[in-house]
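Below are the chains, spelled out letter by letter.
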Amino acid sequence: YKLSVAPEMDIMEYCRKEWRGNTPVAKRMRKGYEAVAQKFASIRRVRGDNYCALRATLFQALSQATQLPSWLQSEDFTMLPENLLSKYDWIKQWQLKQKLGRKMGEISDEIKEYLILLRKKWKNISEIKGPIEKQEACDKLFKNEEEEYSLYEALKFLMLNTAIKLYNDDKNGRRVPVFSWLLFARDTSSNPCQLMHNHLNHIGHSGGLEQVEMFLLAYALQYTIQVYRLYKYSTDEFITLYPNDPEEDWPVVTLITEDDRHYNIPVRMCQETML
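Criteria and cut-off values
Residues numbered from 1 in each chain as written. Predicted model: local features only at pLDDT ≥ 70, side-chain atom pairs only at ≥ 80, totals over all residues. Heavy atoms only, no water. UniProt positions renumbered as here; feature names shortened; annotations may be inferred. Core = buried A, V, L, I, M, F, W, Y, C linked by side-chain atoms within 4.5 Å. Buried < 20%, exposed > 50% of the residue type's maximum accessible area, 1.4 Å probe, protein only. Helix = DSSP H or I, 4+ residues; strand = E, 2+ residues; numbered from the N terminus. Contact = heavy atoms within 4.5 Å. Patch = residues over 30% accessible without salt bridge, like charges linked within 9 Å, V, L, I, M, F, W, Y side chains within 5 Å. Areas by Shrake-Rupley, 256 points an atom, 1.4 Å probe, with all protein chains shown as cover. Salt bridge = Lys/Arg side-chain N within 4 Å of Asp/Glu carboxyl O. Lys, Arg positive; Asp, Glu negative; His and termini not counted. Charge placed at Lys NZ, Arg CZ, Asp CG, Glu CD. Polar contact = N/O pair within 3.5 Å; in protein donor to acceptor, adjacent residues only side chain to side chain.

An unreviewed UniProt entry annotates the chain as OTUL thioesterase originating from Chunga burmeisteri. What UniProt records for the chain under Subcellular location (unreviewed entry) is the sentence "Cytoplasm".

Below, the structure written as structure tokens:
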């Protein structure tokens, strides 16, 4: 088994290995890593396929989980695929893990299985008290490809569900976050159906998450995703929050990116930061 999230490594050691030259870019990256190293001691490399934003976010969320989020506890959570398919016929074209030509019932059942798996894993890991055991459980999960990729399908479906809600809220004159307008202002995703066809169906296969979809992921999980964007060092966007006006009670996960395409995860907060 390949581990999807590599063992931890000293953050500055990693930086020296990756950014040796004296180009302006290398200097900026080193400065960026130095700033991250004020807060975190180590980095874990995340496997670089087109799932890496989902992988890094989910890994961090599970590593820190101490309880099951309220949206995962709701009674109708596992009924989502059935409920959505009964209203939106086009969801039949949801593309499941490289398997084409499924019947509608199968799609609904399969996504339901993924959602049940997500709830089960989240519950099990959040109930582990010891930090070392919790980390081991996360590592084990992210070595199991079959389960890991099933969880990403669940996350993508939750993103679709969130997008449909936001789209309908906007149409019905309710207030929606600004990113929601941006999401549906794109030529390729002017409604949830297009979003599914042109974006969500491609995540993990031919593309990763775009900036605006990081907001959607944050809303779907009800987590604030804090990202150190190293190439933006010394600008206002060096530390970017998705969403940028987060809810008070949302937990925070932290990621690192050098280019807004690939994400790694910082671990081991430095002692003074924790006080």
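(A) Spotlight on the nonpolar core. Core analysis: the largest hydrophobic core is formed by 75 residues, its most contacted members being I91, W94, L118 and W122. The dominant element in this core, judged by the number of residues it contributes, is helix 8 (residues 145–171), at 13 residues. When residues no more than four places from it in sequence are discounted, the contact partners of W122 are L58, A61, L62, A65, Q67, L68, P69, W71, L72, L221 and Y223. Counting 13 residues, the second-largest nonpolar core is a separate cluster that includes Y14, Y33, F40 and Y228.

(B) Spotlight on a negative patch on the surface. Residues D245, E247, E248 and D249 make up a contiguous surface patch of negative charge. Tracing the backbone shows D249 in the loop between strand 4 (239–242) and strand 5 (252–257).

(C) The UniProt feature "active site" (unreviewed entry) in the chain, seen in detail. Sequence positions flagged by UniProt for "active site" (unreviewed entry) are, in local numbering, D49, C52 and H262. A stretch of 214 residues holds the annotated residues, and the largest C-alpha distance among them is 8.4 Å, short enough that they meet in one place. Within the element layout of this structure, D49 appears in the loop between strand 2 (40–44) and helix 3 (52–64). A relative accessible area of 22% places D49 in the partly exposed class. Each residue touching D49, except ones within four places of it in the same chain, is listed here: R55 and Y149. Of note is the side chain of D49, whose polar atom sits 2.8 Å from the side chain of R55. Structurally, H262 can be placed in the loop between strand 5 and strand 6 (263–269).

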